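Next come the chains, spelled out residue by residue.
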Amino acid sequence: MAGRALEAALNRALALDPETREGLRGLDGRRVALKLATPPLALQVRVNGERLEVGPVDDGIEHDLSVRSTLAGLIGQLPFLRNDDAPPVGKLRIEGDADLARRLQRLAERFDPDWQQPFARVFGDVLGVQVANALAAGLRQARVVARGFAGSAAEYVTEESRDVVPRAELNAFHDDVDGLRDDVERIAARVARLQTRPGAGA
């Protein structure tokens, strides 16, 4: 059921970008296995003409590309959600045809759907564009608010409630532990040298 929902969503998004849909023709028949560690999920995406087919992974078939990731790592690769200035989140491991991976990456980077089209079809050219623009502005503002909330929450748990140790303090603690370990190792080496001197037993 999740595969069918994802397939419908992907193909509806592709329908809004004829250039990307046309680019899929050159990848007809190629298969990509997508496996998420958290939540545990495995799907196969197959290119069929200008459409994508999503289904369960068939281990009896060799896939052209295999992608293993966490959900955060996968979402972080989406062009409209990716923040190149942010630290990397999650893990992404790709195995298989490197050329196919590059072609898919180029298609994803050039993916530019006409989000106004479905609204214009329902509400008309004038009102539909206004609704689409208002929705886009609302989503942009929601992302700004979410980032601000996340920053405030992080500051609260590190500075106010002290439930989480700030990164700078944690790094300083690790440096102190490393220094203490080095001091102990030096003292142990000095004691060992003293024990090997003549008359050490006395």
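To start, this report covers the structure provided alongside it. (Residues numbered from 1 in each chain as written. Predicted model: local features only at pLDDT ≥ 70, side-chain atom pairs only at ≥ 80, totals over all residues. Heavy atoms only, no water.)

Notes on the pairing of strand β3 (residues 51-55)
Bridge count for strand β2 (residues 41-48) against β3 is five bridges, and the pairing is antiparallel. Across the sheet, residue Val 45 finds its bridge partner in β3, namely Val 54. The turn joining β2 and β3, which pair antiparallel and follow one another in sequence, is formed by two residues; a positive phi near 70 degrees is taken by Gly 49. (Pairing = 2+ DSSP bridges. Helix = DSSP H or I, 4+ residues; strand = E, 2+ residues; numbered from the N terminus.)

A word on helix α4 (residues 98-110)
Across its 13 residues, α4 extends 19 Å between first and last C-alpha, which sits within 8% of the 18 Å expected from 1.5 Å per residue. For α4, the capping residue at the N-terminal end is Asp 97, with a side-chain oxygen 2.9 Å from the backbone nitrogen of Asp 99. (Expected span 1.5 Å × (residues − 1). Polar contact = N/O pair within 3.5 Å; in protein donor to acceptor, adjacent residues only side chain to side chain.)

Quick look at the pairing of strand β4 (residues 65-69)
The element β4 is largely enclosed, with a buried count of four among its five residues. As judged from the five bridges shared by strand β1 (residues 31-36) and β4, these two strands associate in the parallel manner. If you follow Leu 36 over to β4, its bridge partner there is Ser 69. Alignment of β4 against strand β5 (residues 92-96), held across five bridges, turns out to be antiparallel. Across the sheet, Leu 65 pairs through a bridge with Gly 96, a residue of β5. (Buried < 20%, exposed > 50% of the residue type's maximum accessible area, 1.4 Å probe, protein only.)

A word on the environment of Glu 53
Locating Glu 53 in the fold gives a position in strand β3. For Glu 53, a relative accessible area of 31% gives the class partly exposed. Note: C-alpha distance between Glu 53 and Ala 8 (45 residues apart in sequence) is 8.9 Å. At 2.6 Å, the side chain of Glu 53 forms a polar contact with the side chain of Asn 48.

Here we look at the pattern of salt bridges
In total, this model carries eleven salt bridges according to the counting rule given. Linking Arg 46 and Glu 53 is a salt bridge whose minimum nitrogen-to-oxygen distance equals 3.3 Å. Assessed through its relative accessible area of 23%, Arg 46 is described here as partly exposed. Residue Glu 95 is joined to Arg 93 by a salt bridge in which the shortest nitrogen-to-oxygen separation is 3.0 Å. (Salt bridge = Lys/Arg side-chain N within 4 Å of Asp/Glu carboxyl O.)

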